[in-house]
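Okay, here's what each chain looks like letter by letter:
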Amino acid sequence: MSAPDPARECPRCGTPYAEAQEYCLECGTRLPASGGLIAVLGSAWRRRLGWYPGDWIWPALLALAIAAAAGTASAIWLADRSSASGETLVATSPRASSVQETETAPEPTTAPTTATTNAPPPPPPPPPNQLTKWPASRNGWTVVLDSLPSANLVAFAEARQALRKGMKKVGVLDSSRFSSLHPGYLVVFAGIYDSEAEAQSALLNAHEHGYGGAYPRRITP
């Protein structure tokens, strides 16, 4: 290794170092490269100012120079554009632009609604304590809860009791008005069904409410 050169000094402690030396023998700092443009610039800095901050100073100065050049170019471009258009460019903040857009934005329009014709609602169900009437000229099936002689009006009281127990669509039929029933009786029924299978399915509900003798029956006017 060659002798230390007084022109090359450690940037940290000022100890001279040789040309090919990588670390300072005094403080252990990594020494700047001895060749190339950065080394030449570093030597010139030391000779002029007597100290050297390190090789990082050159990339920092280059970045500052590029930023200054870019700012100057932007200012020139804006000045040329303003003079060419004859208008004054006014810088606005993002908040001011947002407020202006909100004030000038048109109000949304709603599409006109067209009136739709709805089908009339179905008639409301009868009150819980009101007996159901068998529809006129209706063929169907029902569940017979009890049959009493026509003179015995207890059938209506029994029908209301079935309603209180929780049975649905309970009513009383005059058997003399239906060809499928024996005349002379008041028939307490529950439900109006289109098929025997539906009446059979409802039979279990009647049994659960205490009508063990209930049975399905076809009703024909």
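What this report covers is the structure whose coordinates are included nearby. Just so you know, these numbers come straight off a predicted model, no measurement behind them. (Residues numbered from 1 in each chain as written. Predicted model: local features only at pLDDT ≥ 70, side-chain atom pairs only at ≥ 80, totals over all residues. Heavy atoms only, no water.)

Let us look at the overall build of the chain. Counting secondary structure elements, the chain contains five helices and six strands. Of all intrachain contacts in the chain linking residues separated by at least 6 positions in sequence, the fraction that spans at least 24 positions is 51%. Of the roughly 15,700 Å² that the chain leaves accessible, carbon and sulfur atoms contribute 59%. (Helix = DSSP H or I, 4+ residues; strand = E, 2+ residues; numbered from the N terminus. Contact = heavy atoms within 4.5 Å. Areas by Shrake-Rupley, 256 points an atom, 1.4 Å probe, with all protein chains shown as cover.)

Turning next to the nonpolar core. With 19 residues, the main nonpolar core has Leu145, Met167 and Val170 as its most contacted residues. Broken down by secondary-structure element, the contributors of at least two residues to this core are β3 (140-149), α4 (154-165), β4 (170-174), β5 (185-193) and α5 (196-208). Examining the composition of this core, we find that four residues originate from one element, α4, more than from any other. Those residues in contact with valine 170 that sit more than four places away from it in its chain are Leu131, Thr132, Ala159, Ala162, Leu163, Val188, Phe189 and Ala190. Core analysis: the second largest hydrophobic core is formed by nine residues, Val144, Leu173, Val187 and Ile219 among them. (Core = buried A, V, L, I, M, F, W, Y, C linked by side-chain atoms within 4.5 Å. Buried < 20%, exposed > 50% of the residue type's maximum accessible area, 1.4 Å probe, protein only.)

We now examine the pattern of salt bridges. Scanning the entire structure with this criterion turns up two salt bridges. Taking the shortest distance from any N to any O, the salt bridge between aspartate 174 and arginine 177 comes out at 4.0 Å. You can call arginine 177 exposed: its relative accessible area is 67%. (Salt bridge = Lys/Arg side-chain N within 4 Å of Asp/Glu carboxyl O.)

Let's shift gears to the side chain of threonine 142. Mapping threonine 142 onto the fold places it in strand β3. Looking at threonine 142, its side chain comes within polar contact range of the main-chain oxygen of glycine 191, at 2.5 Å. With near-sequence residues (within four places) excluded, threonine 142 lies in contact with Trp134, Phe189, Ala190, Gly191, Tyr193, Ala199, Tyr215, Pro216, Arg217 and Ile219. (Polar contact = N/O pair within 3.5 Å; in protein donor to acceptor, adjacent residues only side chain to side chain.)

Okay, α4 next. For α4, with twelve residues, the first-to-last C-alpha span of 17 Å sits near the 16 Å given by 1.5 Å per residue. By the burial criterion, the buried members of α4 are Ala155, Glu158, Ala159, Ala162 and Leu163. Around the axis of α4, the buried residues are gathered within 150° of arc, so they sit on the same side. Downstream of α4 by a residue or two, glycine 166 has a phi angle that is positive, lying close to 110°. (Expected span 1.5 Å × (residues − 1). Arc of directions from axis to C-beta.)

Buried residues dominate β4, accounting for four of its five residues. Sheet topology places β4 next to β5; five bridges connect them, and they run antiparallel. Bridging across to β5, valine 170 finds its partner in alanine 190. (Pairing = 2+ DSSP bridges.)

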